2 protein chains.
Amino acid sequence: MSQSHTRVAEALRDEACPVTEVLDHVAGKWSIGILIAAAHGPVRFTELERAIKGISRRMLTLNLRRLERDGLLIRTVHPTVPPKVEYSLTPMARELHACLTGLVGWAESHRPAIARARAAYDATART
Amino acid sequence: MSQSHTRVAEALRDEACPVTEVLDHVAGKWSIGILIAAAHGPVRFTELERAIKGISRRMLTLNLRRLERDGLLIRTVHPTVPPKVEYSLTPMARELHACLTGLVGWAESHRPAIARARAAYDATART
DNA sequence: CAGCATCCGGCTCGATACTG
DNA sequence: CAGTATCGAGCCGGATGCTG
């Protein structure tokens with residue numbers, strides 16, 4: 001294991017920007033939620049808007065555009081009346097989705113522990 | 001596969017806040033880098049500062065504090081002159097580190113594809 | 001329905017200077 | 001060495017109102 005994370009660390013050190021740049025998708029407050037919500041299959045704009053709850057139209061649009069631009073989302077416009085737009089993951093994004101799922105799983109299982117650590121820290125640091 | 005991501009999606013929909021809250025560690029621009037850099041074993045403040053390159057003293061300190069507070073980092077102060085402080089991952093953070101490694105791996109392998117998608121998008125959208 | 005434009009407040013972050 | 005303090009710019013993100 002020491003081998004692999006050394007490689008990763010070197011990638012970060014040598015050229016922090018490129019990797020960070022790509023990882024910024026995940027860094028976005030909403031990106032993970034959008035990607036996971038869109039993984040269900042073709043999802044419409046409004047569905048996403050309600051699925052994520054808390055996101056504004058503006059932020060949703062912005063993130064959608066960025067994810068589409070970077071080849072993570074496919075945007076399909078159905079020229080009907082009323083308009084209908086569907087978003088789905090590209091194969092590349094599906095791989096990312098797998099990682100994301102792991103991340104969310106971690107978050108869920110450790111949430112209590114984190115809350116405890118936080119409380120303990122606040123109690124101690126309050127000298 | 002459809003089962004697992006449905007569960008995750010429900011977790012996001014039902015209580016987007018808690019999960020997002022935890023995931024915000026990863027969301028931070030620097031968190032991933034810090035966690036990966038600290039995974040080497042005990043790392044000193046200055047080592048981190050140079051390893052991450054681009055981060056300011058302030059941001060490093062802030063992130064370090066937050067990660068420590070949430071039980072992801074252990075901060076060990078050696079009462080020597082000059083002072084010496086070492087950071088290392090908690091077991092909980094080690095698990096997270098595994099996910100992060102996957103993420104970075106994904107980012108590295110798809111960087112070219114993302115760059116291409118971006119270029120293509122910019123070319124097309126420029127009507 | 002699925003956006004885009006505009007305004008604007010807040011908080012993040014970087015730069016700089018100082019300390020135990 | 002390992003931080004803390006302060007200040008100010010900038011971007012993020014919410015609210016609102018308008019279109020095809």
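As the structure is a prediction and not an experimental result, all values here were calculated from the model. (Residues numbered from 1 in each chain as written. Chains lettered and ligands numbered in written order. Predicted model: local features only at pLDDT ≥ 70, side-chain atom pairs only at ≥ 80, totals over all residues. Heavy atoms only, no water.)

Asks: I tried to follow the side chain of B:T90 on my own but got confused; where do I start?
Replies: Residue and element names in this part refer to chain B. Tracing the backbone through its elements, the reader meets T90 in the loop between strand 3 (84–89) and helix 6 (91–125). Look at T90 and you get buried, because its relative accessible area is 9%. In contact with T90, other than residues within four places in its own chain, are G71, L72, L73 and I74. (Helix = DSSP H or I, 4+ residues; strand = E, 2+ residues; numbered from the N terminus. Buried < 20%, exposed > 50% of the residue type's maximum accessible area, 1.4 Å probe, protein only. Contact = heavy atoms within 4.5 Å.)

Asks: Just to check I follow, could you spell out the protein's contact with DNA strand C for this structure?
Replies: Inspection of the region around DNA strand C gives 17 residues, with A:T46, A:T61, A:R75, A:Y87 and B:M59 positioned closest. When the atoms of DNA strand C within 4 Å of the protein are sorted by group, sugar and phosphate make up 69%. Here a phosphate oxygen of DNA strand C sits 2.9 Å away from a polar atom, N or O, in the side chain of A:R44. Between DNA strand C and A:R57, the relevant distance is 3.4 Å, taken from a base nitrogen to a side-chain nitrogen or oxygen of the residue. When residues of the surface near DNA strand C are assigned to their parent elements, the largest contribution, 4 residues, is made by helix 5 (residues 57–69) of chain A. (Near = heavy atom within 4 Å. Polar contact = N/O pair within 3.5 Å; in protein donor to acceptor, adjacent residues only side chain to side chain.)

Asks: Mind showing me how you'd approach helix 4 (residues 45–52) of chain B here?
Replies: Helical geometry note: an α-helix holds 3.6 residues per turn, so side chains three or four residues apart project in the same direction. What helix 4 of chain B keeps buried is the set B:L48, B:E49, B:A51 and B:I52. After helix 4 of chain B finishes, the residue B:K53 shows a positive phi value of roughly 50°.

Asks: Whenever I open this one, the sheet that holds strand 1 (residues 43–44) of chain B confuses me. Can you help?
Replies: Strand pairing in a sheet takes place through backbone hydrogen bonds and is either antiparallel or parallel in direction. Residues and elements named next belong to chain B. Spatially, 3 strands are ordered 1-3-2 in an open sheet, and the strand pairing comes out antiparallel. Each edge of the open sheet is held by one strand with a lone partner, namely strand 1 and strand 2 (73–78). Both strand 1 and strand 3 contribute to a ladder of 2 bridges, which runs antiparallel. Bridging from a neighbouring strand, R44 pairs with E86 of strand 3. Across the sheet, helix 5 (residues 57–69) touches strand 2 and strand 3, and the angle it forms with strand 2 is around 110°. (Pairing = 2+ DSSP bridges. Axes fitted to C-alpha atoms, helices over the stretch in contact; angles between N-to-C directions.)

Asks: Help me understand the interface of chain B and chain A in this model?
Replies: For an interface, size is often stated in terms of accessible area lost upon the parts coming together. Taken together, the contact pairs 56 residues of chain B with 56 residues of chain A. Interface area for chain B against chain A, summed over the two sides, is near 5,200 Å², with a carbon-plus-sulfur share of 69%. Taken as a group, B:R69, B:W106 and B:R118 account for 14% of the area that chain B buries against chain A, more than any other trio of residues on that side. Our count for the contact surface shared by chain B and chain A stands at 4 salt bridges. The partner of A:R69 in a salt bridge is B:D122, and the shortest N-O contact between them spans 2.5 Å. In this assembly, chain B and chain A are joined by 10 residue pairs in polar contact (both at pLDDT 80 or more). For the side of chain B that touches chain A, the secondary structure elements donating two or more residues are helix 1 (2–14), helix 2 (16–27), helix 3 (31–38), helix 4, helix 5 and helix 6 of chain B. Per-element tally for the side of chain B that touches chain A: the top contributor is helix 6 of chain B, with 21 residues. (Buried area = accessible area lost by both parts, 1.4 Å probe. Salt bridge = Lys/Arg side-chain N within 4 Å of Asp/Glu carboxyl O.)

Asks: Just checking my understanding: could you explain the relation of the copies chain B and chain A for this structure?
Replies: Look at the two chain copies: a rotation about an axis and a shift along it is all it takes to match them. Between the two copies, chain B and chain A, the superposition gives an RMSD of 0.1 Å; the rotation angle is 180° and the shift along the axis is 0.0 Å. In the structure described here, the two chain copies are related by an operation that fits a two-fold rotation axis. No C-alpha of chain B approaches the rotation axis more nearly than that of B:A27, which lies at 1.8 Å. (Least-squares fit on C-alpha atoms with pLDDT ≥ 70 in both.)

Asks: For this particular structure, what's the right way to read the nonpolar core?
Replies: Within soluble globular proteins, side chains that are nonpolar generally end up buried alongside one another. Within the largest apolar cluster, 68 residues are counted, with the highest numbers of intra-cluster contacts made by A:I34, A:L73, A:W106, B:I34, B:L73 and B:W106. A:L73 has contacts with A:I34, A:L35, A:A38, A:L64, A:L67, A:E68, A:Y87, A:S88, A:L89 and A:T90, leaving out every residue within four places of it along the chain. (Core = buried A, V, L, I, M, F, W, Y, C linked by side-chain atoms within 4.5 Å.)

Asks: In this structure, what is going on with the sheet that holds strand 1 (residues 43–44) of chain A? I would like to understand it.
Replies: Residues and elements named next belong to chain A. Taken together, 3 strands build an open sheet; the order of strands is 1-3-2 and the sheet is antiparallel. A single partner strand is all that each edge strand has here, and the edge strands are strand 1 and strand 2 (73–78). Sheet topology places strand 2 next to strand 3 (residues 84–89); 6 bridges connect them, and they run antiparallel. Residue pairing for strand 3: T76 is matched across the bridge by E86. Of the strands in this sheet, strand 1, strand 2 and strand 3 touch helix 3 (residues 31–38), which is tilted by about 100° from strand 3.

Asks: Would you mind showing me how to read the packing of helix 4 of chain B against helix 5 of chain B here?
Replies: To describe two helices that pack against each other, one gives the angle between their axes and the distance between the axes. All names here are of chain B. Helix 5 packs onto helix 4 with a crossing angle of 115° between their chain directions and a minimal axis gap of 11 Å. The interaxial crossing formed by helix 4 with helix 5 has right-handed handedness. Each of F45, L48 and E49 in helix 4 lies in contact with helix 5, whose residues at this interface are R57, L60, T61 and L64. Tallied by class, the residues present in the contact of helix 4 with helix 5 amount to 4 nonpolar, 1 polar and 2 charged. (Left-handed = near helix turned anticlockwise from the far one by under 90°. Nonpolar A, V, L, I, M, F, W, Y, C, P; charged D, E, K, R; others polar.)

Asks: How should I be thinking about the protein's contact with DNA strand D in this particular structure?
Replies: Near DNA strand D you find 18 residues, and of these B:R44, B:T46, B:T61, B:R75 and B:Y87 are the closest. Take the atoms of DNA strand D that sit within 4 Å of the protein: sugar and phosphate atoms are 65% of them. Between DNA strand D and A:S56 there is a distance of 3.1 Å, counted from a phosphate oxygen to a side-chain nitrogen or oxygen. B:V85 is positioned such that a nitrogen or oxygen atom in its backbone is 3.3 Å from a phosphate oxygen of DNA strand D. Here the surface near DNA strand D gets 4 residues from one element, more than from any other, and that element is helix 5 of chain B.

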